[in-house]
Amino acid sequence: KNERIDLSRKMRMGFKVFKANLFKKYTPLTVGFSLTRRCNLNCHYCTLPDDLRDELSTRQVFSIVNELKQLGTEQISYTGGEPLLRNDFADIIAYTRRKNIIMTVNTNGLLIKNCIEDLKKVSMIMISLDGPEEINVQSRAAPGAYSKIMEAIELCKTNGIRVMISTVISKCNVGQI
């Protein structure tokens, strides 16, 4: 079943915010966690392909998830590059779920059909889409990607996975937003 933020979790998060303000002891409630810099696209506005440092090992990722849990983190947003490129992505999702941490995944959508079962365990998928097909091709330098993205959105919806669209506003698409 897809995770949802229920009332008790909302109350717990609200209490943590209240406590942080009252006692000046801050907790990273939501964390963006870049799992990789690798990507299967070459978007004209992205600088990640220029920075190809080594990735953390699976064990290192698990250790960070443990630390975040101990600090009181409630939600992790896995991002990249393209996080679905990691061979251990399913293991990371399963481990984070066992820690009872809400997960979202930011993806370009091209690999969703390959890991749809694992993605059913996250709260929401954020898929990058920069506009209509001609704009998306122009900004992402990937002919054919638009139809795969639209298929991925439909596949997520069909499988009960919440989807949010992420758009980078640029001179290519500002008139289409």
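Our subject is the structure that appears above.
Residues numbered from 1 in each chain as written. Predicted model: local features only at pLDDT ≥ 70, side-chain atom pairs only at ≥ 80, totals over all residues. Heavy atoms only, no water.

Asks: What is the right way to look at the environment of Val61 in this model?
Replies: With respect to the secondary-structure elements, Val61 resides in helix H2 (residues 58-71). Once the C-alpha coordinates of Val61 and Phe33 are considered, the two residues, 28 residues apart in sequence, prove to be 9.3 Å apart. (Helix = DSSP H or I, 4+ residues; strand = E, 2+ residues; numbered from the N terminus.)

Asks: Any chance you could explain the side chain of Asp88 here in plain terms?
Replies: The topology assignment puts Asp88 in the loop between strand S2 (75-79) and helix H3 (89-98). On the accessibility criterion, Asp88 (9% relative accessible area) is buried. Side chain to side chain, Asp88 and Arg86 meet in a polar contact 2.7 Å long. (Buried < 20%, exposed > 50% of the residue type's maximum accessible area, 1.4 Å probe, protein only. Polar contact = N/O pair within 3.5 Å; in protein donor to acceptor, adjacent residues only side chain to side chain.)

Asks: It is not clear to me how the state of the cysteines should be interpreted in this structure. Could you clarify?
Replies: The term disulfide refers to a covalent linkage connecting the sulfur atoms of a pair of cysteines. Under the criterion given, the structure shown has 0 disulfides. With no disulfide of its own, Cys39 lies closest to Cys43 among cysteine sulfurs, the gap being 6.0 Å. For Cys39, a relative accessible area of 38% gives the class partly exposed. No disulfide involves Cys46; its sulfur sits 6.2 Å from the nearest other cysteine sulfur, which is in Cys43. Classification of Cys46 by relative accessible area gives partly exposed; the value is 31%. (Disulfide = S-S within 2.5 Å.)

Asks: How should I be thinking about a nonpolar patch on the surface in this particular structure?
Replies: Taken together, the side chains of Phe15, Phe18, Leu22 and Phe23 define a hydrophobic patch exposed on the protein surface, amounting to about 480 Å² of accessible area. Structurally, Phe18 can be placed in helix H1 (residues 7-23). On the basis of relative accessibility, which here comes to 51%, the residue Phe18 falls in the exposed class. (Patch = residues over 30% accessible without salt bridge, like charges linked within 9 Å, V, L, I, M, F, W, Y side chains within 5 Å. Areas by Shrake-Rupley, 256 points an atom, 1.4 Å probe, with all protein chains shown as cover. Salt bridge = Lys/Arg side-chain N within 4 Å of Asp/Glu carboxyl O.)

Asks: In this structure, what is going on with helix H5 (residues 133-140)? I would like to understand it.
Replies: Given 3.6 residues to a turn, an α-helix orients residues that are three or four positions apart in the same direction. Within H5 the residues assigned to the buried category are Ile135, Asn136, Ser139 and Arg140. Buried residues of H5, seen end-on, are gathered within an arc of 110° and therefore sit on one face of the element. Tucked into the core, H5 has its buried residues touching strand S4 (124-128) and helix H6 (145-158). Immediately downstream of H5, the backbone of Ala141 shows phi near 50°, a positive value. (Arc of directions from axis to C-beta. Contact = heavy atoms within 4.5 Å.)

Asks: Hey, could you run me through the side chain of Asp118 in this one?
Replies: Mapped onto the secondary structure, Asp118 falls in helix H4 (residues 116-119). What makes Asp118 buried here is its relative accessible area of 18%. The residues touching Asp118, leaving out its near neighbours within four places in the chain, are Ala90 and Ile93.

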